[in-house]
Amino acid sequence: MNSKDVALLMGVNVSTIKRWTDANKLPCYQTPGGHRKFTLGHINQFLKNNKNKIQKVNLIELNGLADKELIHHIEHAEFTKIIPIFFKAAIEANQAKISTIITGLYLKGVGLDSIYDQLVFPVMRFIGDLWEARKLTIPEEHLASEVVRKAIYDLGESLTTDLPDDAPLAICFSVTGDDHELPLIMTKQILELNEIRVFNMGRSVPVKSIVDLLERLGPRYLIISANYHSNQEMIINEINELQHIISNQRIKLIVGGNASSIFKTILGKKVIIINNMHELKLKFIK
Ligand code: B12
């Protein structure tokens, strides 16, 4: 965003934005031509530190959304009111609304961990329950998860922070046969906001295939999102591979997701189980 966009969003003059940036209150990037550019991360940081200055973010400017009631709920981070609206928008594949809700909450200073645990998680779970009860078709479920995935991914892209090369490195992925990727995208964002560099290797990655890479990159953390496995024998083999890696290379293994218990059973104290994004943030908070 440029200074004008941010001024509109915060309901102040462009000159006020310039003053805040000059006083280092509002972080920004400066282009070689001297123009100020802002990411959502910059704005979120400012809003958190200056709650007294800005009472109201003009979310109406986001995606041209004119839904006053929704804006009110976002302004007050009323999750119980937002959940049904978010659910309906996901089912209707209303990308603009889904993105506005997620971005809007973030701009209001709500942490990503809260947005993911308290909004995205219950809604996706409900969508999964409906699908299981055959009240949603597979394409409907796929479409809903796709619009949510896109909104989360896009938010992450607009948060980009430049981390130094010597910042601790984490590699995250989900094991062979697990195609659930939302928690991986979330994990990357939450760690990067806490100054951990992350390579997200994506979903369904065979452990064996990344052994060399791990040796080369020497990450401090290996983070696995385990949400589904179809074959008990295969997952046990994968976990045994992991056991080699973490004992040979000094890597901390962290596993999350509703299929993580098998990792705990086999690896015991060698693995740290984290149950949600809030716990993840607490573990890495700067
Ligand atoms: C969306 C979805 C899909 C999408 C995924 C799309 C994508 N691009 O990611 C698609 C359509 C591909 C899919 C496919 C399948 N899915 Co599915 N899916 C879901 C659904 C509806 C939501 C998952 C989601 O993204 N939730 C949102 C995130 C935020 O929540 P979450 O994943 O639970 O993660 C939270 C915590 O668990 C934790 N967490 C999770 N991982 C991690 C990792 C770390 C590091 C940390 C710290 C925390 C953490 O933090 C998160 C936030 O609070 C769930 C429903 C449910 N009840 O969970 C089923 C669900 C996960 N799927 C399931 C199944 C069975 C399948 C299929 C086999 C269906 C089929 N017959 O084809 C396939 C398998 C595909 C495969 N090979 O993996 C089961 C898994 C049951 C199990 N554990 O054995 C579930 C639970 C549905 C159900 N009730 O049966 N699925």
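Procedures and definitions
Residues numbered from 1 in each chain as written. Predicted model: local features only at pLDDT ≥ 70, side-chain atom pairs only at ≥ 80, totals over all residues. Helix = DSSP H or I, 4+ residues; strand = E, 2+ residues; numbered from the N terminus. Rg over C-alpha atoms; globule rule 2.2 N^0.38 Å. Buried ≥ 20, exposed ≤ 12 C-beta atoms within 10 Å, placed from the backbone. Contact = placed C-beta atoms within 7 Å. Near = placed C-beta within 6 Å. Nonpolar A, V, L, I, M, F, W, Y, C, P; charged D, E, K, R; others polar. Domains from an automatic or database assignment. Axes fitted to C-alpha atoms, helices over the stretch in contact; angles between N-to-C directions. Left-handed = near helix turned anticlockwise from the far one by under 90°.

Trainee: Whenever I open this one, the overall build of the chain confuses me. Can you help?
Mentor: The number of helices and strands found in the chain is 13 helices and seven strands. For 286 residues, the compact-globule estimate of 2.2 N^0.38 gives 19 Å, and the chain sits close to it at 21 Å. Looking at the 286 residues of the chain, the share that counts as buried comes to 34%. For the chain, the share of sequence-separated contacts (at least 6 apart) that also reach a separation of at least 24 residues comes to 73%.

Trainee: Looking at this model, I keep getting lost on the site of the ligand. Mind explaining?
Mentor: The full set close to the ligand counts 34 residues, and M124, G128, P183, G256 and G257 are the nearest of them. When residues of the shell around the ligand are traced back to their parent elements, those giving at least two are α7 (112–132), α8 (138–157), α9 (182–193), β5 (221–225), β6 (252–256) and α13 (277–284). Sorting elements by how many residues they give to the shell around the ligand places α7 first, with nine residues. Tallied by class, residues from the shell around the ligand come to 14 nonpolar, twelve polar and eight charged. Counting contributing residues per domain, the shell around the ligand is built from domain 2 (56–160) and domain 3 (169–284), each supplying no fewer than three.

Trainee: Can you walk me through the packing of helix α5 (residues 79–91) against helix α6 (residues 95–107) in this structure?
Mentor: Packed helix pairs are specified by the crossing angle of their axes together with the interaxial distance, meaning the distance between the axes. Two elements in contact, α5 and α6, have axes separated by 8 Å at closest approach and are oriented at 145°. The handedness of the crossing between α5 and α6 comes out as left-handed. Across from I82, F86, A89 and A90 in α5, the residues of α6 making contact are K97, I98 and I101. Within the contact of α5 with α6, the residues separate by chemical class into six nonpolar, no polar and one charged.

Trainee: Just checking my understanding: could you explain the domain arrangement of the chain for this structure?
Mentor: Interfaces are often sized by the accessible area lost when the parts come together. Its domain assignment divides the chain into domain 1 (1–53), domain 2 (56–160) and domain 3 (169–284). Distance between the C-alpha centres of domain 1 and domain 3: 36 Å.

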